[in-house]
Amino acid sequence: MVSGFCDIDYGVSLDPEDMPRQWYNIIPDLPRKLDPMLDPVTKEPVKRSQMERLFPKEVVKQQFSEERWFDIPEDVLDAYRRLPRPTPLFRAKRLEEYLHTPAKIFYKGEHVTPVGSMKPNTALPQAYFAKKQGIDLAVSETGAGQWGAALSMSCAFFGLRSRIYMVRVSSIQKPGRKIMMQTYGSEVLESPSKNTEFGRKLLSENSEHPGSLGIAISEAVEDVLSNENARYLLASSFNYALAHQTVIGQEVKKQLELLDIEPDVMTGAIGGGSNYSGFIYPFLKDQIHGEKKTDFVAVESSAVPSTTRGQYTYDYADTAERTPLVKMYTTGHEFANPPIHAGGLRYHGKAPSLSLLINEGYVRSVSYGQTRVFESAKLFAQTEGIFTAPESAHGLTYAIDEAIRCKRTGESKVIIFNNCGHGLLDLSAYNDYNNGLLQDWEPAEINVPDYLKRKN
Ligand SMILES: *Cc1c(COP(=O)(O)O)cnc(C)c1O
(Lines give C-alpha, C1' and ligand atoms only; values in the text may rest on other atoms or scores of the structure.)
Protein backbone atom coordinates (compact mmCIF):
# COMPACT_ATOMS: atom_id res chain seq x y z
CA MET A 1 0.00 0.00 0.00
CA VAL A 2 1.23 3.45 -0.83
CA SER A 3 0.44 6.16 1.66
CA GLY A 4 1.24 9.84 2.06
CA PHE A 5 0.01 13.13 0.68
CA CYS A 6 -1.34 13.27 -2.86
CA ASP A 7 -3.18 16.04 -4.73
CA ILE A 8 -3.03 16.85 -8.45
CA ASP A 9 -2.74 20.60 -7.71
CA TYR A 10 0.11 20.25 -5.22
CA GLY A 11 1.99 17.02 -5.88
CA VAL A 12 2.80 13.86 -3.94
CA SER A 13 4.90 13.00 -0.92
CA LEU A 14 5.39 9.33 -0.14
CA ASP A 15 6.01 7.72 3.26
CA PRO A 16 9.44 6.28 4.17
CA GLU A 17 8.11 2.73 3.81
CA ASP A 18 7.36 3.47 0.14
CA MET A 19 11.12 3.69 -0.61
CA PRO A 20 12.16 1.54 -3.58
CA ARG A 21 14.10 -1.48 -2.27
CA GLN A 22 16.13 -2.15 -5.40
CA TRP A 23 18.19 -0.18 -7.87
CA TYR A 24 17.38 -0.60 -11.55
CA ASN A 25 20.24 -1.47 -13.91
CA ILE A 26 19.32 -0.65 -17.53
CA ILE A 27 22.16 -2.68 -19.12
CA PRO A 28 20.16 -5.86 -19.94
CA ASP A 29 17.35 -3.72 -21.44
CA LEU A 30 19.50 -1.59 -23.78
CA PRO A 31 18.64 -1.89 -27.49
CA ARG A 32 22.19 -3.14 -28.16
CA LYS A 33 25.19 -4.17 -26.13
CA LEU A 34 27.39 -1.47 -24.59
CA ASP A 35 30.89 -1.19 -26.06
CA PRO A 36 33.38 -2.29 -23.38
CA MET A 37 35.75 0.04 -21.58
CA LEU A 38 39.26 -0.43 -22.96
CA ASP A 39 42.62 -0.50 -21.23
CA PRO A 40 44.44 2.70 -22.32
CA VAL A 41 47.67 0.81 -23.08
CA THR A 42 46.62 -2.56 -24.52
CA LYS A 43 43.26 -1.33 -25.95
CA GLU A 44 41.81 -4.62 -24.66
CA PRO A 45 38.57 -4.69 -22.60
CA VAL A 46 39.22 -3.76 -18.97
CA LYS A 47 39.05 -6.71 -16.53
CA ARG A 48 37.16 -6.78 -13.26
CA SER A 49 40.34 -7.46 -11.31
CA GLN A 50 41.98 -4.31 -12.74
CA MET A 51 39.04 -2.22 -11.58
CA GLU A 52 38.95 -3.73 -8.11
CA ARG A 53 42.29 -2.10 -7.30
CA LEU A 54 40.65 1.27 -7.88
CA PHE A 55 37.00 0.90 -6.84
CA PRO A 56 35.10 -0.93 -4.06
CA LYS A 57 34.53 -4.58 -5.00
CA GLU A 58 30.75 -4.49 -4.80
CA VAL A 59 30.38 -1.57 -7.21
CA VAL A 60 32.77 -3.22 -9.69
CA LYS A 61 30.46 -6.23 -9.57
CA GLN A 62 27.53 -3.92 -10.33
CA GLN A 63 29.49 -2.22 -13.13
CA PHE A 64 29.93 -5.52 -14.97
CA SER A 65 26.52 -6.94 -14.05
CA GLU A 66 23.84 -7.94 -16.56
CA GLU A 67 21.28 -8.27 -13.73
CA ARG A 68 18.29 -5.98 -13.98
CA TRP A 69 17.88 -5.29 -10.26
CA PHE A 70 20.32 -4.83 -7.35
CA ASP A 71 19.02 -5.12 -3.77
CA ILE A 72 19.59 -1.99 -1.68
CA PRO A 73 21.27 -3.04 1.60
CA GLU A 74 19.21 -2.37 4.77
CA ASP A 75 21.81 0.11 6.12
CA VAL A 76 21.68 2.13 2.88
CA LEU A 77 17.86 2.10 2.88
CA ASP A 78 18.00 3.43 6.41
CA ALA A 79 20.42 6.20 5.37
CA TYR A 80 18.17 7.07 2.39
CA ARG A 81 15.10 7.38 4.61
CA ARG A 82 16.96 9.77 6.89
CA LEU A 83 17.97 12.14 4.02
CA PRO A 84 14.92 12.14 3.75
CA ARG A 85 13.71 9.91 0.95
CA PRO A 86 11.35 9.50 -0.82
CA THR A 87 11.65 13.12 -1.95
CA PRO A 88 8.44 15.00 -2.87
CA LEU A 89 7.06 15.56 -6.36
CA PHE A 90 5.86 19.16 -6.62
CA ARG A 91 3.46 20.89 -9.02
CA ALA A 92 4.76 24.27 -10.25
CA LYS A 93 1.31 25.82 -10.31
CA ARG A 94 2.32 29.46 -10.02
CA LEU A 95 4.86 29.01 -12.82
CA GLU A 96 2.08 27.54 -15.02
CA GLU A 97 -0.17 30.48 -14.20
CA TYR A 98 2.59 32.97 -15.01
CA LEU A 99 3.14 31.27 -18.39
CA HIS A 100 -0.63 30.99 -19.09
CA THR A 101 -0.02 27.43 -20.23
CA PRO A 102 -2.49 24.56 -20.34
CA ALA A 103 0.44 22.22 -19.57
CA LYS A 104 0.96 20.74 -16.12
CA ILE A 105 4.51 21.26 -14.86
CA PHE A 106 5.86 19.01 -12.10
CA TYR A 107 9.33 18.77 -10.59
CA LYS A 108 11.06 16.15 -8.47
CA GLY A 109 12.51 17.66 -5.30
CA GLU A 110 16.06 16.33 -5.10
CA HIS A 111 17.12 19.69 -3.63
CA VAL A 112 15.79 18.71 -0.19
CA THR A 113 18.77 16.55 0.88
CA PRO A 114 21.18 18.01 3.50
CA VAL A 115 23.80 18.75 0.82
CA GLY A 116 21.22 20.18 -1.59
CA SER A 117 21.55 17.72 -4.47
CA MET A 118 20.79 14.13 -5.54
CA LYS A 119 24.43 13.07 -5.13
CA PRO A 120 23.96 11.22 -1.78
CA ASN A 121 21.89 8.63 -3.71
CA THR A 122 25.16 7.16 -4.95
CA ALA A 123 27.62 8.55 -2.38
CA LEU A 124 25.88 6.69 0.46
CA PRO A 125 26.04 3.19 -1.08
CA GLN A 126 29.60 3.69 -2.34
CA ALA A 127 30.80 4.74 1.12
CA TYR A 128 28.86 1.84 2.67
CA PHE A 129 30.34 -0.77 0.30
CA ALA A 130 33.88 0.60 0.79
CA LYS A 131 33.56 0.49 4.57
CA LYS A 132 32.09 -3.00 4.52
CA GLN A 133 35.07 -4.19 2.49
CA GLY A 134 37.45 -2.84 5.15
CA ILE A 135 38.73 0.16 3.16
CA ASP A 136 39.77 3.07 5.38
CA LEU A 137 40.24 5.97 2.95
CA ALA A 138 37.87 7.21 0.24
CA VAL A 139 39.48 9.44 -2.39
CA SER A 140 37.75 11.51 -5.04
CA GLU A 141 37.66 14.79 -6.91
CA THR A 142 35.12 17.56 -7.05
CA GLY A 143 34.53 20.55 -9.28
CA ALA A 144 31.99 22.92 -7.81
CA GLY A 145 31.82 20.75 -4.69
CA GLN A 146 28.44 18.99 -4.88
CA TRP A 147 30.02 15.56 -5.18
CA GLY A 148 32.64 16.33 -2.57
CA ALA A 149 29.99 17.48 -0.09
CA ALA A 150 27.81 14.39 -0.65
CA LEU A 151 30.83 12.09 -0.37
CA SER A 152 32.16 13.75 2.80
CA MET A 153 28.76 13.50 4.46
CA SER A 154 28.37 9.84 3.45
CA CYS A 155 31.86 8.94 4.70
CA ALA A 156 31.09 10.68 8.01
CA PHE A 157 27.93 8.56 8.35
CA PHE A 158 29.74 5.26 7.70
CA GLY A 159 32.97 6.08 9.54
CA LEU A 160 35.35 6.34 6.59
CA ARG A 161 38.22 8.83 6.14
CA SER A 162 37.97 10.91 2.97
CA ARG A 163 40.33 13.01 0.85
CA ILE A 164 39.03 15.23 -1.93
CA TYR A 165 40.89 16.95 -4.75
CA MET A 166 39.00 20.15 -5.49
CA VAL A 167 39.57 22.06 -8.75
CA ARG A 168 41.59 25.11 -7.64
CA VAL A 169 39.48 27.81 -9.39
CA SER A 170 36.30 26.35 -7.90
CA SER A 171 37.76 26.22 -4.43
CA ILE A 172 38.72 29.89 -4.70
CA GLN A 173 35.50 31.07 -6.38
CA LYS A 174 33.13 28.86 -4.38
CA PRO A 175 34.52 28.32 -0.89
CA GLY A 176 31.07 27.36 0.47
CA ARG A 177 31.18 23.66 -0.34
CA LYS A 178 34.83 23.39 0.64
CA ILE A 179 33.78 24.56 4.10
CA MET A 180 31.00 21.93 4.08
CA MET A 181 33.46 19.15 3.19
CA GLN A 182 35.90 20.21 5.89
CA THR A 183 33.07 20.42 8.42
CA TYR A 184 31.99 16.88 7.55
CA GLY A 185 35.60 15.89 8.28
CA SER A 186 37.22 15.55 4.84
CA GLU A 187 40.74 16.51 3.93
CA VAL A 188 40.37 18.91 0.97
CA LEU A 189 43.34 19.54 -1.36
CA GLU A 190 43.31 22.19 -4.06
CA SER A 191 44.06 20.55 -7.41
CA PRO A 192 46.64 20.57 -8.95
CA SER A 193 48.21 19.67 -5.59
CA LYS A 194 51.68 18.85 -4.30
CA ASN A 195 50.37 15.47 -3.13
CA THR A 196 50.75 13.70 -6.50
CA GLU A 197 53.41 13.45 -9.17
CA PHE A 198 50.98 14.72 -11.83
CA GLY A 199 49.99 17.69 -9.65
CA ARG A 200 53.63 18.57 -8.90
CA LYS A 201 54.46 18.45 -12.62
CA LEU A 202 51.62 20.85 -13.50
CA LEU A 203 52.52 23.20 -10.63
CA SER A 204 56.15 23.34 -11.74
CA GLU A 205 54.95 24.52 -15.15
CA ASN A 206 52.48 27.01 -13.67
CA SER A 207 52.32 27.64 -9.93
CA GLU A 208 48.93 29.37 -10.38
CA HIS A 209 47.43 26.51 -12.41
CA PRO A 210 43.60 26.82 -12.18
CA GLY A 211 43.01 23.06 -12.46
CA SER A 212 40.17 21.18 -14.16
CA LEU A 213 37.92 18.24 -13.38
CA GLY A 214 39.98 15.96 -15.62
CA ILE A 215 43.19 16.90 -13.76
CA ALA A 216 41.55 16.37 -10.36
CA ILE A 217 40.36 12.91 -11.47
CA SER A 218 43.93 12.05 -12.55
CA GLU A 219 45.26 13.12 -9.15
CA ALA A 220 42.65 11.11 -7.24
CA VAL A 221 43.40 8.01 -9.31
CA GLU A 222 47.16 8.37 -8.77
CA ASP A 223 46.58 8.78 -5.02
CA VAL A 224 44.49 5.59 -4.79
CA LEU A 225 47.01 3.57 -6.81
CA SER A 226 49.78 4.53 -4.39
CA ASN A 227 47.71 3.69 -1.32
CA GLU A 228 46.70 0.02 -0.83
CA ASN A 229 43.83 0.65 1.56
CA ALA A 230 42.23 3.50 -0.40
CA ARG A 231 39.52 3.33 -3.04
CA TYR A 232 38.16 5.85 -5.50
CA LEU A 233 34.49 6.81 -5.25
CA LEU A 234 32.99 8.43 -8.33
CA ALA A 235 30.05 10.72 -8.89
CA SER A 236 28.59 9.80 -12.22
CA SER A 237 28.76 8.19 -15.64
CA PHE A 238 29.52 4.57 -14.57
CA ASN A 239 26.65 2.05 -14.75
CA TYR A 240 26.42 1.67 -10.97
CA ALA A 241 26.26 5.42 -10.27
CA LEU A 242 23.34 5.65 -12.71
CA ALA A 243 21.65 2.60 -11.19
CA HIS A 244 21.87 4.10 -7.68
CA GLN A 245 20.14 7.24 -8.95
CA THR A 246 17.14 5.24 -10.19
CA VAL A 247 15.54 5.61 -6.76
CA ILE A 248 14.54 9.02 -8.19
CA GLY A 249 12.65 7.67 -11.20
CA GLN A 250 11.11 4.75 -9.30
CA GLU A 251 9.67 7.19 -6.79
CA VAL A 252 8.36 9.47 -9.55
CA LYS A 253 6.67 6.44 -11.10
CA LYS A 254 4.80 5.70 -7.87
CA GLN A 255 3.97 9.36 -7.43
CA LEU A 256 2.47 9.63 -10.94
CA GLU A 257 0.53 6.40 -10.49
CA LEU A 258 -1.06 7.92 -7.41
CA LEU A 259 -2.02 11.00 -9.43
CA ASP A 260 -3.20 8.69 -12.21
CA ILE A 261 -1.24 10.53 -14.92
CA GLU A 262 1.56 9.65 -17.34
CA PRO A 263 4.46 11.91 -18.30
CA ASP A 264 4.44 13.39 -21.83
CA VAL A 265 7.83 15.06 -21.38
CA MET A 266 10.64 14.23 -18.95
CA THR A 267 13.57 16.62 -18.96
CA GLY A 268 16.66 17.35 -16.89
CA ALA A 269 20.28 18.42 -16.91
CA ILE A 270 23.16 16.21 -18.02
CA GLY A 271 26.71 16.66 -16.70
CA GLY A 272 27.94 13.07 -16.54
CA GLY A 273 24.35 11.94 -16.95
CA SER A 274 23.57 10.30 -13.60
CA ASN A 275 20.67 12.33 -12.24
CA TYR A 276 18.84 12.43 -15.55
CA SER A 277 19.35 8.71 -16.22
CA GLY A 278 18.20 7.86 -12.69
CA PHE A 279 15.13 9.98 -13.31
CA ILE A 280 14.11 8.49 -16.69
CA TYR A 281 15.45 4.92 -16.82
CA PRO A 282 12.57 3.37 -14.81
CA PHE A 283 10.22 4.93 -17.42
CA LEU A 284 12.41 4.18 -20.41
CA LYS A 285 12.60 0.53 -19.32
CA ASP A 286 9.00 -0.05 -20.43
CA GLN A 287 9.33 2.09 -23.56
CA ILE A 288 12.52 0.70 -25.14
CA HIS A 289 10.78 -2.45 -26.33
CA GLY A 290 7.17 -1.34 -25.86
CA GLU A 291 5.05 1.65 -26.84
CA LYS A 292 6.90 4.98 -26.77
CA LYS A 293 4.81 7.44 -24.77
CA THR A 294 7.25 9.96 -23.36
CA ASP A 295 9.49 12.54 -24.98
CA PHE A 296 12.81 12.22 -23.12
CA VAL A 297 14.84 15.42 -23.46
CA ALA A 298 18.32 15.69 -21.95
CA VAL A 299 19.67 19.21 -21.56
CA GLU A 300 23.35 20.13 -21.62
CA SER A 301 25.22 23.40 -21.43
CA SER A 302 26.07 24.90 -24.82
CA ALA A 303 29.52 25.54 -23.30
CA VAL A 304 30.09 21.76 -23.07
CA PRO A 305 28.03 20.44 -25.97
CA SER A 306 29.11 16.76 -25.83
CA THR A 307 25.88 15.31 -27.28
CA THR A 308 24.78 18.20 -29.51
CA ARG A 309 28.14 19.07 -31.13
CA GLY A 310 30.63 16.49 -29.82
CA GLN A 311 31.44 13.00 -31.08
CA TYR A 312 30.25 9.51 -30.13
CA THR A 313 33.61 7.81 -29.83
CA TYR A 314 36.21 6.29 -27.49
CA ASP A 315 37.80 8.89 -25.23
CA TYR A 316 39.60 9.03 -21.88
CA ALA A 317 37.69 9.87 -18.72
CA ASP A 318 40.56 12.00 -17.37
CA THR A 319 43.21 14.47 -18.55
CA ALA A 320 46.32 12.41 -17.75
CA GLU A 321 44.96 9.47 -19.81
CA ARG A 322 45.28 7.04 -16.89
CA THR A 323 41.64 5.92 -16.93
CA PRO A 324 40.14 3.48 -19.43
CA LEU A 325 38.94 4.53 -22.86
CA VAL A 326 35.16 4.84 -22.78
CA LYS A 327 32.75 4.94 -25.74
CA MET A 328 30.63 8.00 -25.13
CA TYR A 329 29.58 11.41 -26.37
CA THR A 330 32.50 13.71 -25.67
CA THR A 331 33.97 17.10 -26.44
CA GLY A 332 37.44 15.56 -25.97
CA HIS A 333 39.29 15.03 -22.67
CA GLU A 334 41.67 17.89 -23.33
CA PHE A 335 38.75 20.31 -23.25
CA ALA A 336 39.70 23.24 -20.95
CA ASN A 337 37.60 24.30 -17.94
CA PRO A 338 34.67 26.15 -19.56
CA PRO A 339 33.77 29.49 -17.98
CA ILE A 340 30.23 28.69 -16.76
CA HIS A 341 28.51 28.67 -13.38
CA ALA A 342 26.95 25.22 -13.75
CA GLY A 343 30.00 23.41 -12.32
CA GLY A 344 28.22 20.06 -12.53
CA LEU A 345 27.87 20.38 -16.31
CA ARG A 346 31.53 20.97 -17.10
CA TYR A 347 32.54 17.35 -17.62
CA HIS A 348 33.64 16.53 -21.19
CA GLY A 349 31.98 13.07 -21.44
CA LYS A 350 28.51 11.64 -20.91
CA ALA A 351 27.54 8.26 -19.45
CA PRO A 352 28.01 5.32 -21.90
CA SER A 353 24.44 3.97 -21.53
CA LEU A 354 22.86 7.40 -21.92
CA SER A 355 25.16 8.16 -24.87
CA LEU A 356 24.03 4.93 -26.54
CA LEU A 357 20.35 5.79 -25.98
CA ILE A 358 20.85 9.27 -27.42
CA ASN A 359 22.76 7.82 -30.38
CA GLU A 360 19.96 5.30 -31.02
CA GLY A 361 17.29 7.99 -30.83
CA TYR A 362 15.53 6.94 -27.61
CA VAL A 363 16.51 10.16 -25.88
CA ARG A 364 16.82 13.60 -27.49
CA SER A 365 19.21 16.28 -26.37
CA VAL A 366 19.29 20.07 -26.56
CA SER A 367 21.61 22.75 -25.17
CA TYR A 368 21.24 26.22 -23.66
CA GLY A 369 23.59 29.07 -22.83
CA GLN A 370 23.75 30.24 -19.24
CA THR A 371 22.02 33.63 -19.62
CA ARG A 372 18.87 31.88 -20.87
CA VAL A 373 19.18 29.36 -18.04
CA PHE A 374 19.43 32.02 -15.34
CA GLU A 375 16.46 33.88 -16.79
CA SER A 376 14.45 30.69 -16.12
CA ALA A 377 16.02 30.26 -12.69
CA LYS A 378 15.00 33.78 -11.70
CA LEU A 379 11.44 33.17 -12.89
CA PHE A 380 11.36 29.92 -10.91
CA ALA A 381 12.51 31.75 -7.75
CA GLN A 382 9.83 34.39 -8.24
CA THR A 383 7.01 31.92 -8.89
CA GLU A 384 7.95 28.85 -6.82
CA GLY A 385 10.29 30.45 -4.28
CA ILE A 386 13.07 27.98 -4.97
CA PHE A 387 16.64 28.87 -5.88
CA THR A 388 17.31 26.03 -8.24
CA ALA A 389 20.88 24.92 -8.96
CA PRO A 390 22.49 26.35 -12.12
CA GLU A 391 22.52 22.73 -13.38
CA SER A 392 18.86 21.89 -12.75
CA ALA A 393 17.87 25.23 -14.27
CA HIS A 394 18.81 23.69 -17.65
CA GLY A 395 15.98 21.13 -17.37
CA LEU A 396 13.70 23.84 -16.02
CA THR A 397 14.43 25.95 -19.12
CA TYR A 398 13.35 23.17 -21.45
CA ALA A 399 10.20 22.62 -19.34
CA ILE A 400 9.36 26.31 -19.73
CA ASP A 401 9.98 26.23 -23.51
CA GLU A 402 7.72 23.20 -23.84
CA ALA A 403 4.99 24.80 -21.69
CA ILE A 404 5.10 27.89 -23.92
CA ARG A 405 4.72 25.66 -27.01
CA CYS A 406 1.69 24.05 -25.33
CA LYS A 407 0.15 27.47 -24.95
CA ARG A 408 0.37 27.92 -28.72
CA THR A 409 -0.97 24.45 -29.55
CA GLY A 410 -3.46 24.23 -26.69
CA GLU A 411 -2.04 20.87 -25.54
CA SER A 412 -2.26 20.07 -21.83
CA LYS A 413 0.91 17.97 -21.65
CA VAL A 414 2.33 16.64 -18.40
CA ILE A 415 5.90 17.99 -18.21
CA ILE A 416 8.26 16.87 -15.46
CA PHE A 417 11.79 18.01 -14.77
CA ASN A 418 14.24 16.77 -12.20
CA ASN A 419 15.12 19.54 -9.78
CA CYS A 420 18.42 17.85 -9.01
CA GLY A 421 19.78 20.53 -6.68
CA HIS A 422 19.33 23.89 -5.02
CA GLY A 423 21.38 27.00 -5.77
CA LEU A 424 21.76 28.48 -2.29
CA LEU A 425 25.53 28.16 -2.57
CA ASP A 426 25.45 29.70 -6.05
CA LEU A 427 24.11 33.10 -5.07
CA SER A 428 27.06 34.89 -6.65
CA ALA A 429 25.98 33.46 -10.02
CA TYR A 430 22.47 34.82 -9.42
CA ASN A 431 24.08 38.13 -8.47
CA ASP A 432 26.07 38.18 -11.74
CA TYR A 433 22.86 37.50 -13.67
CA ASN A 434 20.92 40.19 -11.80
CA ASN A 435 23.66 42.70 -12.62
CA GLY A 436 23.95 41.76 -16.28
CA LEU A 437 27.44 40.32 -15.84
CA LEU A 438 26.71 36.79 -17.02
CA GLN A 439 28.00 35.88 -20.47
CA ASP A 440 27.44 33.01 -22.83
CA TRP A 441 30.41 31.13 -24.16
CA GLU A 442 30.72 28.37 -26.73
CA PRO A 443 33.75 26.36 -27.81
CA ALA A 444 35.11 26.78 -31.33
CA GLU A 445 35.32 23.67 -33.45
CA ILE A 446 35.29 20.34 -31.61
CA ASN A 447 37.52 17.62 -32.98
CA VAL A 448 38.19 14.42 -31.05
CA PRO A 449 41.12 12.36 -32.38
CA ASP A 450 40.81 8.61 -32.86
CA TYR A 451 42.54 7.36 -29.69
CA LEU A 452 42.08 3.70 -30.64
CA LYS A 453 44.52 4.14 -33.53
CA ARG A 454 47.10 6.07 -31.56
CA LYS A 455 50.28 4.23 -30.47
CA ASN A 456 51.22 4.65 -26.81
C1 LIG B 1 26.69 16.81 -10.13
C2 LIG B 1 25.45 17.47 -10.49
C3 LIG B 1 24.96 17.45 -11.81
C4 LIG B 1 25.66 16.78 -12.96
O5 LIG B 1 25.88 15.43 -12.81
P6 LIG B 1 24.99 14.31 -13.50
O7 LIG B 1 25.80 13.08 -13.36
O8 LIG B 1 24.73 14.68 -14.91
O9 LIG B 1 23.73 14.23 -12.72
C10 LIG B 1 23.79 18.11 -12.07
N11 LIG B 1 23.12 18.76 -11.12
C12 LIG B 1 23.55 18.79 -9.83
C13 LIG B 1 22.75 19.54 -8.83
C14 LIG B 1 24.72 18.15 -9.48
O15 LIG B 1 25.14 18.19 -8.21
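Each remark here, short or long, concerns the structure printed above.
Please read all numbers here as calculations on a predicted model, not as lab measurements. (Residues numbered from 1 in each chain as written. Predicted model: local features only at pLDDT ≥ 70, side-chain atom pairs only at ≥ 80, totals over all residues. Heavy atoms only, no water.)

Q: Report on the overall build of the protein, specifying residues and quantitative values.
A: Helix and strand content of the protein: 17 helices and 16 strands. A compact globule built from 456 residues would reach a C-alpha radius of gyration of about 23 Å, and the protein, at 21 Å, matches this within 12%. Reported as C-alpha extents along the three principal axes, the dimensions of the protein are approximately 60 × 50 × 45 Å. Residues classed as buried in the protein amount to 63% of the 456 residues present. For the protein, the proportion of contacts with a sequence separation of at least 24, taken over those separated by at least 6, is 77%. For the protein, the exposed area adds up to about 17,400 Å²; of that, 49% sits on carbon and sulfur atoms. Across the protein, 51 positive and 57 negative side-chain charges occur, with their mean positions spaced 2 Å apart. (Helix = DSSP H or I, 4+ residues; strand = E, 2+ residues; numbered from the N terminus. Rg over C-alpha atoms; globule rule 2.2 N^0.38 Å. Buried < 20%, exposed > 50% of the residue type's maximum accessible area, 1.4 Å probe, protein only. Contact = heavy atoms within 4.5 Å. Areas by Shrake-Rupley, 256 points an atom, 1.4 Å probe, with all protein chains shown as cover. Lys, Arg positive; Asp, Glu negative; His and termini not counted. Charge placed at Lys NZ, Arg CZ, Asp CG, Glu CD.)

Q: Residue-level account of the nonpolar core, with values.
A: Core analysis: the biggest nonpolar cluster contains 63 residues, and W23, F55, Y80 and Y232 have the highest contact counts within it. It is helix 6 (residues 146–158) that provides the largest number of residues to this core, a total of seven residues. In this view, Y80 contacts M19, W23, I72, R85, P120, N121, L124, P125, H244 and V247; residues no more than four positions away in its chain are not counted. Residues L30, L89, F106 and Y281 belong to the second largest nonpolar core, which totals 37 residues. (Core = buried A, V, L, I, M, F, W, Y, C linked by side-chain atoms within 4.5 Å.)

Q: Before we move on, can you summarise the pattern of salt bridges with the specific residues and values?
A: Taken as a whole, this structure holds 32 salt bridges when the rule is applied. A salt bridge links E251 to R85, with the shortest nitrogen-to-oxygen separation between them at 2.8 Å. Linking E251 in helix 12 (residues 246–259) with R85 in the loop between helix 3 (74–81) and strand 5 (89–91), this pair joins segments that are 166 residues apart in sequence. Judged by relative accessible area, E251 falls into the buried class, the value being 0%. (Salt bridge = Lys/Arg side-chain N within 4 Å of Asp/Glu carboxyl O.)

Q: Tell me about unusual backbone geometry, and name the residues and values.
A: A negative phi angle is the norm for most residues apart from glycine, just as the trans form is the norm for most peptide bonds. For the bond from L83 to P84, the omega torsion is 20°, close enough to zero to count as cis. Position of P84 relative to the elements: it lies in the loop between helix 3 and strand 5. Omega for the peptide link from S191 to P192 comes to 5°, which places this bond in the cis form. By secondary structure assignment, the location of P192 is in the loop between strand 9 (187–191) and helix 9 (197–205). A positive phi angle, near 65°, is found at K43, a position not held by glycine. On the secondary structure map, K43 appears in the loop between strand 3 (22–24) and helix 1 (48–52).

Q: Describe the sheet that holds strand 10 (residues 230–232), with residues and values.
A: Overall, parallel pairing links the four strands, which are arranged 9-8-7-10 in an open sheet. Two strands close off the open sheet at either side, each with one partner strand: strand 9 and strand 10. Mean inter-strand twist for the sheet, computed between neighbouring axes without regard to direction, equals 25°. Pairing of strand 7 (residues 137–142) with strand 8 (residues 161–167), which is carried by six bridges, proceeds in the parallel orientation. If you follow L137 over to strand 8, its bridge partner there is R161. Along the sheet, helix 10 (residues 213–225) makes contact with strand 7, strand 8, strand 9 and strand 10, crossing strand 7 at roughly 165°. (Pairing = 2+ DSSP bridges. Axes fitted to C-alpha atoms, helices over the stretch in contact; angles between N-to-C directions.)

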